[in-house]
Amino acid sequence: MIRKLRCEAATIIIGAAIWTGCLSPVEAQNPQCPTRPLGDSTNACASTAFVQNAVADIIPVAAACDGVTDDTTVIAAAIAAAPAGAKLQLPQGVCLVSGSGSAIFTLTKPVNIWGVGTTTSTNGTTLAIAAGVPTTRDLFLITGVVDTTTRGYSFREFNVISNGGGAVGKNVFHFDSTAGTTTNFAEVLIERIFAQNLASAGGSSVFLNNGIGTNTNGGQFNFTIRLNFLGGGVKSSQTGDSIRIQDNIINTANAGVIINQVSGAGNFQVIGNSLTAAAGGVVVNCGFFPIIAFNIFEQQVTNTEANNSIIDFIGSCATIEGGAIIYNQIQSAASLGDPTLIRIAAASRVKIEGNRLGCPAAYVANIITAAATGTFFGRSNEIDVGCSALLTDSS
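Residues numbered from 1 in each chain as written. Predicted model: local features only at pLDDT ≥ 70, side-chain atom pairs only at ≥ 80, totals over all residues. Heavy atoms only, no water.

### Side note on the side chain of T276
Then, number 1: Relative to the helices and strands, T276 is located in strand 24 (residues 274-277).
Then, number 2: Judged by its relative accessible area of 11%, T276 is buried.
Then, number 3: In contact with T276, not counting residues within four places along its chain, are I250, N251, T252, E298 and Q300. (Helix = DSSP H or I, 4+ residues; strand = E, 2+ residues; numbered from the N terminus. Buried < 20%, exposed > 50% of the residue type's maximum accessible area, 1.4 Å probe, protein only. Contact = heavy atoms within 4.5 Å.)

### Some words on the pairing of strand 36 (residues 363-368)
Then, number 1: In this sheet, strand 36 lies alongside strand 32 (residues 340-344) in parallel orientation, the contact comprising 3 bridges. Counted as the bridge partner of I344 is I368 from strand 36.
Then, number 2: In terms of strand pairing, strand 36 meets strand 39 (residues 387-390) through 4 bridges, oriented parallel. Bridge pairing links Y363 to C387 in strand 39. (Pairing = 2+ DSSP bridges.)

### Looking at unusual backbone geometry
Then, number 1: The phi dihedral of C65 falls on the positive side, at around 50°, and the residue is not glycine.
Then, number 2: Of note, C65 is situated in the loop between strand 4 (58-60) and strand 5 (66-70).
Then, number 3: Note on C65: relative accessible area 6%, which makes it buried.
Then, number 4: In the Ramachandran plot, L227 falls in the positive-phi region, its phi being about 60° despite a non-glycine side chain.
Then, number 5: For L227, the position within the fold is in the loop between strand 17 (220-226) and strand 18 (229-230).
Then, number 6: The class for L227 is partly exposed, based on a relative accessible area of 37%.

### A look at the state of the cysteines
Then, number 1: Summed over all chains, the structure comprises 3 disulfides.
Then, number 2: Covalently, C286 is tied to C317 through a disulfide, its sulfur atoms 1.9 Å apart. Measuring handedness by torsion sign, the sulfur bridge of C286 and C317 sits at about -100° and is left-handed. In this pair, C286 sits in strand 25 (residues 282-286) while C317 sits in the loop between strand 28 (309-313) and strand 29 (320-321), placing the two residues 31 residues apart along the sequence.
Then, number 3: What makes C286 buried here is its relative accessible area of 3%.
Then, number 4: Residue classification places C317 among the partly exposed positions, given a relative accessible area of 41%.
Then, number 5: Here C359 is linked by a disulfide to C387, with a sulfur-sulfur distance of 1.6 Å. Negative torsions about the S-S bond denote left-handed disulfides, and the value of about 115° found for C359 with C387 makes this one right-handed. Of this pair, C359 sits in the loop between strand 35 (356-358) and strand 36 while C387 sits in strand 39, and the two are 28 residues apart along the sequence. With respect to class, C359 is no different from C387; both count as buried. (Disulfide = S-S within 2.5 Å.)

### Remarks on the packing of aromatic side chains
Then, number 1: This model, assessed by the stated rule, comprises 13 aromatic pairs.
Then, number 2: Aromatic pair F140 and F155: ring centres 5.3 Å apart, planes at 50°, arrangement tilted. Pair noted here: F140 is in strand 11 (residues 138-142) and F155 is in strand 13 (residues 154-162), with a separation of 15 residues, a long-range link.
Then, number 3: Taking relative accessible area as the criterion, F140 reaches 1% and is therefore assigned buried. (Phe/Tyr/Trp six-rings, centres within 6.5 Å; stacked < 30°, edge-to-face > 60°.)

And the structure:
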């Protein structure tokens, strides 16, 4: 006797690869979490794969995107009508948006908002924030559902600019978990977005906002932010585990990346980016074992960071436990106030290894303060003539 298996259509997206086909009920289990159905996952087993239901709709958004018509209402209606997990396809062209209140678009369910590319404003998809939009209004405010974990948001392949050329908008992507005590976001992808600095004049390109830690779980988990141009940088406030900032260009008047994690959270990675930031390249306030690796830091404007540092392990909300600053190129142009390249304060067991440290003049460019304990400053760091390091007895 031959038993026929029921066929279940499925689409599996892993990274840039998309597979569509027929799965048996056994195969239709989530390949990342075999004990869970397709479309479900946990923090423990799905940090980089995005698996979604095969029947997720691809919905073309019927916006004019002619650079003249205000497309806010049409796009907002498409978001509101879309089922959870749907992919909204923005058209080619310039979509003028304005909105009202605190956000142009508010998202309460996981959807995938994709454009057709970032090549140019006419050949790709561009969200142009209208002149006059206040610097208190987000482009995307993602609130989810109070005291619920929502998974699977993605944003890909579009530009975000200021239409009038002036400073507008607050945060481009604002994930807000401050309502309730267990509101969480997980498995989120932000990829191939060009976010102009003027379009987040009042905030950041990406803001992971868990407030002052009311949600002790951390609010945001398993975020991948990669291959973007981020003119407003990335800011986190009391986030959870596994935040990965990878292969981006970050050129901003803000701090490039602010790391601030809830007590016990870790694995915040800043890897392979090119950073030019006025208020510090990476500023770490608290977290467990942050990894800063394979980046290029170029200080090209006067540093406005509180301690005049490019990488600053401050430990302002809690002592930073562990961490690695490895294989980066860190340098400053001349006549910019001689910024500290690496500063370690309230942190323990930080490894500094294999970096190239470039100074425009002779000064103490690397400071390990008395508040640091167990810092390892390796011999493999390449230090330009003129650079020197101030190490304490604890290092």
